[in-house]
Amino acid sequence: MQGILYEEPSVWQFFFVTCLLGGWAAWMTGRACAQTWRPYASLVVYLLVLGIAVRFIHHALFDGTMFTAQYYVVDTIVLLILGSLGYRYTRTNQMVTQYNWLYERSSLLSWKTKG
């Protein structure tokens, strides 16, 4: 997997920077977009920019390449997954809390109409 999904000599560097630091930032970005009732498209734009920031952290801390399309895409896909989860989780909580007479939770990430 080294060289395909990550360029660092250890998978733990990839997990630390991309999944832990970047994933936390992506989750919080998704949460913030949902709390302010922004559309999903704005979240995608924010996460594309966050992908550049994650690549910079790889470059600055671990001497990784800054401008590599392959690793940028991998990092951004991880961020999109985690940011989307944060967005849907928060939006589901909003819908079932603020409109509790209309909606009920059907799963952790979705709601349905009551009735």
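Turning to the overall build of the protein chain, a few remarks are in order. Each helix and strand in the protein chain was counted, giving three helices and two strands. The order of α-helices and β-strands along the protein chain, N terminus first, is α-α-α-β-β. Seen through its principal axes, the protein chain has C-alpha atoms that stretch 55 × 25 × 20 Å. Burial status across the protein chain gives 35% buried among its 115 residues. In the protein chain, the share of contacts with a sequence separation of at least 24, taken over all contacts with a separation of at least 6, comes to 57%. With an accessible surface of roughly 6800 Å², the protein chain has 69% of that area assigned to carbon and sulfur atoms.

Unusually for a residue other than glycine, Trp37 sits at a positive phi of about 60 degrees. By secondary structure assignment, the location of Trp37 is in the loop between α1 (11–35) and α2 (40–62). The backbone of Asp63 sits at a positive phi, close to 60 degrees, despite the residue not being glycine. Position of Asp63 relative to the elements: it lies in the loop between α2 and α3 (69–98).

Turning next to the packing of α1 against α2. Between α1 and α2, the shortest axis-to-axis distance is 10 Å and the interhelical angle comes to 155 degrees. Here α2 runs roughly antiparallel to α1, going by the angle between their axes. For the element pair α1 and α2, the recorded crossing hand is right-handed. Side by side, α1 and α2 meet where Gln13, Phe14, Val17, Thr18, Gly22, Ala25, Ala26, Thr29, Gly30 and Cys33 of the first sit next to Ser42, Leu43, Tyr46, Leu47, Leu50, Val54, Ile57, His58 and Phe62 of the second.

Quick look at the pairing of strand β1 (residues 103–107) now. Pairing of β1 with strand β2 (residues 110–113), which is carried by four bridges, proceeds in the antiparallel orientation. Among the inter-strand pairings, Ser107 is bridged to a residue of β2, identified as Ser110. Taking the residues that link successive antiparallel strands as the turn, the β1-β2 hairpin has two residues.

Together, Trp24, Trp27, Met28, Val73, Ile77, Ile81, Leu85, Tyr89 and Leu108 make up an exposed nonpolar region whose accessible area comes to about 840 Å². Secondary structure elements with two or more residues in the nonpolar patch: α1 and α3. The biggest single contributor to the nonpolar patch is α3, with five residues. Structurally, Ile81 can be placed in helix α3.

Looking now at the environment of Tyr71. Mapped onto the elements, Tyr71 comes out in helix α3. Tyr71 gets classed as buried once you look at its relative accessible area, which sits at 10%. A C-alpha to C-alpha distance of 7.9 Å links Tyr71 and Arg55, two positions 16 residues apart in sequence. For Tyr71, the residues in contact, after removing those within four places along its chain, are Gly3, Ile4, Leu5, Tyr6, Glu7, Arg55 and Thr65.

The rules behind these values
Residues numbered from 1 in each chain as written. Predicted model: local features only at pLDDT ≥ 70, side-chain atom pairs only at ≥ 80, totals over all residues. Heavy atoms only, no water. Helix = DSSP H or I, 4+ residues; strand = E, 2+ residues; numbered from the N terminus. Buried < 20%, exposed > 50% of the residue type's maximum accessible area, 1.4 Å probe, protein only. Contact = heavy atoms within 4.5 Å. Areas by Shrake-Rupley, 256 points an atom, 1.4 Å probe, with all protein chains shown as cover. Axes fitted to C-alpha atoms, helices over the stretch in contact; angles between N-to-C directions. Parallel < 35°, antiparallel > 145°, perpendicular 65-115°, else oblique. Left-handed = near helix turned anticlockwise from the far one by under 90°. Pairing = 2+ DSSP bridges. Patch = residues over 30% accessible without salt bridge, like charges linked within 9 Å, V, L, I, M, F, W, Y side chains within 5 Å. Salt bridge = Lys/Arg side-chain N within 4 Å of Asp/Glu carboxyl O.

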